[in-house]
Amino acid sequence: MGRHADRTAQRRPALPVLLAAALAVVVLAAGGLAWWLTGSGGCETQATVDVTVAPELGAITEELLADIDPPAEDLCVTADVVAQEPLQTVGQLGALDEESLPEVWVPDSSLWAARAATAVELEEVGSMALSPVVLATSRAAVEELGWDDAPPTWGEALGTGRPLAVPDLAASAEGLSALSAVRTSLGGDADADNAVVQAVLAASRTAVPSPADALAASSAGGADAPLVPVSEQEVYAANEGITDPDLVAVYPAEGTPVLDYPILRVGSPSDTQARAVEAVTRILQSQDAQTAVRDAGFRGPEGAAPPDAAASGIAEDGPEALPLDPAQVQGLLARLSSLATPSRILSVFDVSKSMEAPVGDGTRATLARDAAKAALSLVPDNYALGSWVFAYELEGDRDWQELVPTRELDDVVDGRVQREILDDQLDTIPDRLTPGGTGLYDTTLAAVRAAQDDYDPTAVNSVLMVTDGTNEDDAAGVTLDNLLITLAAEADPDRPVKVIGVALGPDADLSALEQIAEATGGQAYSAVDENDLQTVLFDALRQRG
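The present account deals with the structure reproduced in this document. (Residues numbered from 1 in each chain as written. Predicted model: local features only at pLDDT ≥ 70, side-chain atom pairs only at ≥ 80, totals over all residues. Heavy atoms only, no water.)

Let's talk about the nonpolar core
Consideration 1: Counting 67 residues, the largest nonpolar core has Leu57, Val104, Val106, Met128, Val280 and Leu284 as the members making the most contacts within it.
Consideration 2: If we skip the residues at most four places from it in the chain, Val106 touches Thr52, Val53, Ala54, Leu57, Met128, Tyr261, Pro262, Ile263 and Leu284.
Consideration 3: Ranked by size, the runner-up nonpolar core spans 34 residues in total, among them Leu367, Ala372, Leu409 and Leu426. (Core = buried A, V, L, I, M, F, W, Y, C linked by side-chain atoms within 4.5 Å. Buried < 20%, exposed > 50% of the residue type's maximum accessible area, 1.4 Å probe, protein only. Contact = heavy atoms within 4.5 Å.)

In structure tokens:
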């Protein structure tokens, strides 16, 4: 009957086996106790704090907040860290619901807090790091300009005649701070304003290199290297691992504006969440945090230099800080922005059923809505925007529907401002999803023709197409080949309309959008990771061609 029927075969286990079993029980029990004390079992409440930081602080912040000591026996805290350009965060603060906003925000400059202050409650609780704004160039250029003996004023630096690679003023605190310093150096009056404006216009008319290219040229050591306003930390990081680098930081004589990386509490969290936020902000101000930021090339909140500063092309002693008035800075930005050629954009959003696909806590449709609202909050009033939606046969046999005609954002229609009308209509996108296919090609052709009919010769005219699918209307509608032929045939060099395509998600037909963009002088963007849509959409809205 086999050994299971042989009762005589059963014996007591040997003593070592019993000891091993007992030890295993003790280990498991101890492990369970440790889990209960340190894991979720030891906390009545688990709190997650959403933290958004400037990209250059992303890795540092993630490491600092990877393991947060419980601020109380009944509360365990984790942090969800997002590295994001401050301009995007400003857009979110003005467009998204409170529950969708970060609870702690560390931009690179307090100038951003001034821009966002009217949209949400912000409380500064400290600074995570400092980094002076400098003029980066080559060591040979410094010698040729005679700045090795006596540094220039900001105004003198502007007047050298060599290229000044100013970053995008709408997105860069460094560039805006530098031009504000120039304005202050020149007297801060109307003549100073005109000098700054003329410099920016001159730069826009010449082949000035991008800041990245300018840094690369300066790193190569040429005496004709351009000047580029950047943070001191960028110079330090660019020279990491290089012995006797050619790239150096110039500190103008009056002092320099300083990126102060403020630690900002966003909104008014509940008592429990407030304790969790406090635990996070305390770590960001800790000695460990100061060590981490200095090792990465920042100065500590008290101005302490990073290690080996002089060997990395920057000064050991911190330069004198040049204070800037946020209101004056915003005024300068507004004036410079008003000089730029406005855009006239017809934005067209896919509302086919596939936009119902889940993304995070929402859907592609809600993501498109939120990203569009954030981007809308950032563009200036002299932009003209209109909005359509499309799918398949939305109105009879027509695939598209107009939501708002294209008008300047400060136009008033029936007592309401165009910006508000657009914002309200964007809210309806998730409710407009419809079954059926996607009439991408017919809609694109109709939108381009509408933009041509509505053309503004004083603006950059374009059509923005946002879709997560591919054309499914070949049988009744235009084919891609015919669309491209028609776009080429109807193109008017005196009235150009470019198509900016945004492919949302992995199923979108990026290839078709690229061909359409190429045919119209536009550009195609891919947001395979739907969570990148806000960045892509805002870049698309600002695309100048």
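Back to the text.
Thoughts on the packing of aromatic side chains
Consideration 1: Per the counting criterion, the structure on display carries 2 aromatic pairs.
Consideration 2: Note on Tyr261 and Phe298: the rings are 5.3 Å apart at their centroids and 85 degrees apart in plane angle, and the pair reads as edge-to-face. Of this pair, Tyr261 sits in the loop between strand E8 (258-259) and strand E9 (262-266) while Phe298 is found in the loop between helix H12 (287-295) and helix H13 (326-339), placing the two residues 37 residues apart along the sequence. In this structure, Tyr261 and Phe298 share a single accessibility class: buried.
Consideration 3: Their ring planes at 10 degrees and their centres at 6.0 Å tell us that Trp388 and Trp400 sit as a pair that is stacked. In this pair, Trp388 is assigned in strand E13 (residues 384-395) and Trp400 in strand E14 (residues 398-408), connecting sequence segments 12 residues apart. (Phe/Tyr/Trp six-rings, centres within 6.5 Å; stacked < 30°, edge-to-face > 60°. Helix = DSSP H or I, 4+ residues; strand = E, 2+ residues; numbered from the N terminus.)

Structural notes on empty space enclosed by the protein
Consideration 1: For the structure on display, the rule yields 4 cavities of 30 Å³ or more.
Consideration 2: Taken as a whole, the largest cavity encloses approximately 100 Å³ of empty space.
Consideration 3: Along the walls of the largest cavity sit 12 residues, with Ser347, Phe349, Ala372, Leu385 and Leu426 positioned nearest its centre.
Consideration 4: For the lining of the largest cavity, the elements supplying multiple residues, two or more each, are strand E10 (343-350), helix H14 (364-376), E13, helix H15 (418-426) and helix H19 (533-542).
Consideration 5: Sort the elements by how many residues they give to the lining of the largest cavity and E13 lands first, with 3 residues. (1 Å grid on protein atoms, 1.4 Å probe; cavity = no way out; pocket = protein on both sides within 12 Å on 5 of 7 lines; lining within 4 Å. Points joined across faces, edges and corners; volume = space filled by probe spheres on them.)

Notes on the environment of Leu440
Consideration 1: Relative to the helices and strands, Leu440 is located in helix H16 (residues 440-453).
Consideration 2: Leu440 sits 49 residues away from Ala391 along the chain, and the two C-alpha atoms are 7.5 Å apart.
Consideration 3: Residues in contact with Leu440, not counting those within four places in the same chain, are Phe390, Met465, Thr467, Asn471 and Leu513.

Points about H15
Consideration 1: When we look at burial in H15, the residues that qualify are Gln418, Arg419, Ile421, Leu422 and Leu426. The buried residues of H15 all sit within an arc of 160 degrees when viewed along its axis, so they share a single face.
Consideration 2: On its buried face, H15 sits against E10, H14, E13, E14, strand E15 (412-413) and strand E16 (416-417). (Arc of directions from axis to C-beta.)

A few points about the pattern of salt bridges
Consideration 1: Following the criterion strictly, the structure yields 15 salt bridges and no others.
Consideration 2: Across the pair Arg369 and Asp370 runs a salt bridge, and its minimum N-O distance is 2.9 Å.
Consideration 3: Between Glu490 and Arg449 there is a salt bridge, with its nearest N and O atoms 2.6 Å apart. Highlighted residues: Glu490 in helix H17 (residues 480-490) and Arg449 in helix H16, separated in sequence by 41 residues.
Consideration 4: Overall, Arg449 belongs to the partly exposed group, its relative accessible area being 36%. (Salt bridge = Lys/Arg side-chain N within 4 Å of Asp/Glu carboxyl O.)

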